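Each chain, letter by letter, is given below.
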Amino acid sequence: MLLKERRYNLIFSAIREIIINSDKDIGVLINYDKLVETIKDKFNKDELRYAIRHLVYKNYLVSYNGKLESYSELKLTMKGFNEWLFPYGPEDSKKIFISYATDDKKLAGKIKCNMEKIGFTIFLAHEDIPAIAIWRDKLISELKTSGIFIALRTQNYTGRQYTEQECGFALALNKRILSLCISTKSSKMGFCSEFQGKYFNDDNI
């Protein structure tokens, strides 16, 4: 990513946080000067104007009075609310993301089947990501909206690139983390070793 692109991403993020933490709902007047008041010392006028034009181009914000190129008064659109401010939806306390190695997908499937019987919604990558989906975006979305993260830690799991990244993501999101350690030691759980876990031998499965 170019440094210029990185800087604009910082501006988009700053504006997003301002709107999220304000009382502005969809269709409500947003005054441009008030919107950028707290960040105008961090970014110059041209950068801020470019960022707003970009958000208008994406149809996340539109001119409040309907006049093209008039950005002094803006309003948030439904698209902006759904795709920009809250793209992943709310967290569901009864939704579980099961992290597992591909070699253990049958075991993960059994766990999913049993937990769904008692009312939980379970996400398994190999079952729940459509073939046409952008899988990384789907994984991030599911991680963000799941209330519980279960790591199916077998000998196949430890050291795998994507499973360890999923654990790190769940840790950063402050999810409730449960580890099912199957013939593995807690010392191999990294930063997640402090969280609640249940241990099994292969004979118990």
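Quick look at the structure, then. (Residues numbered from 1 in each chain as written. Predicted model: local features only at pLDDT ≥ 70, side-chain atom pairs only at ≥ 80, totals over all residues. Heavy atoms only, no water.)

Side note on the sheet that holds strand β2 (residues 61–63)
Our working rule: The pairing criterion for strands is at least two bridges between them, as found by DSSP. A run of H or I in DSSP counts as a helix once it spans at least four residues, and a run of E counts as a strand once it spans at least two, with each numbered from the N terminus. Interaxial angles span 0 to 180 degrees and are taken between N-to-C directions of axes, which are lines fitted to C-alpha atoms, for helices over the stretch in contact.
With respect to topology, 3 strands assemble into an open sheet ordered β1-β3-β2, the strand pairing being antiparallel. Both edges of this open sheet fall to β1 (29–31) and β2, since each of them pairs with a single strand only. For this sheet, the mean inter-axis angle between neighbouring strands, taken without regard to orientation, is 45 degrees. For β1 and strand β3 (residues 73–76), the ladder comprises 3 bridges, and the chain directions are antiparallel. For L29, the partnering residue across the bridge sits in β3 and is K75.

Observations concerning the side chain of S99
For clarity, the threshold we go by: Whenever two N or O atoms come within 3.5 Å, that pair is a polar contact, provided that in protein one can donate a hydrogen and the other can accept it, and provided that, for residues adjacent in sequence, both atoms are side-chain atoms. Contacts are assigned to residue pairs that have any heavy atoms within 4.5 Å of one another.
Tracing the sequence through the fold places S99 in strand β4 (residues 92–99). A polar contact of 2.8 Å, which involves the side chain of S99, links it to the side chain of Y157. Side-chain polar atoms of S99 contact the side chain of E166, separated by 2.6 Å. Here S99 is in contact with F149, I150, A151, L152, Y157, T163 and E166, once residues within four sequence places are set aside.

Some details on the environment of I140
Looking at where I140 falls in the secondary structure, it is placed in helix α7 (residues 135–145). Here I140 is in contact with Y88 and F169, once residues within four sequence places are set aside.

Some points on the pattern of salt bridges
The cut-off we apply is this: Here, a salt bridge means any Lys or Arg side-chain nitrogen found within 4 Å of an Asp or Glu carboxyl oxygen.
Throughout the structure, instances matching the rule amount to 9 salt bridges. The partner of K112 in a salt bridge is E127, with the nearest N and O atoms 3.1 Å apart. Highlighted residues: K112 in helix α5 (residues 105–117) and E127 in helix α6 (residues 125–128), separated in sequence by 15 residues.

A closer look at the pairing of strand β7 (residues 176–182)
Let me state the cut-off plainly: Looking down the strands as they point away from you, a crossover is right-handed if its path from the first strand over the helix to the second goes clockwise.
Where strand β6 (residues 146–153) lies against β7, 6 bridges are found, and the strand directions are parallel. The residue of β7 that forms the bridge with I150 is L178. In this view, the connection linking β6 to its parallel neighbour β7 by way of helix α8 (residues 161–172) has right-handed handedness.

Observations concerning a nonpolar patch on the surface
Keep this limit in mind: Two joining distances apply to patches: 9 Å for like charges and 5 Å for nonpolar side chains (Val, Leu, Ile, Met, Phe, Trp, Tyr), and every residue must have over 30% relative accessible area and no salt bridge. Surface accessibility in these figures is a Shrake-Rupley result with a 1.4 Å probe; residues are shielded only by whichever protein chains are displayed. Burial classification: accessible surface area is computed with a 1.4 Å probe over protein chains only, and a residue below 20% of its type maximum counts as buried, one above 50% as exposed, and the rest as partly exposed.
A grouping of V28, L29 and Y64 is seen on the molecular surface, where their side chains present a nonpolar patch of about 210 Å² in accessible area. Examined against the element boundaries, V28 turns out to sit in the loop between α1 (3–20) and β1. On the basis of relative accessibility, which here comes to 32%, the residue V28 falls in the partly exposed class.

Geometry only, nothing functional implied.
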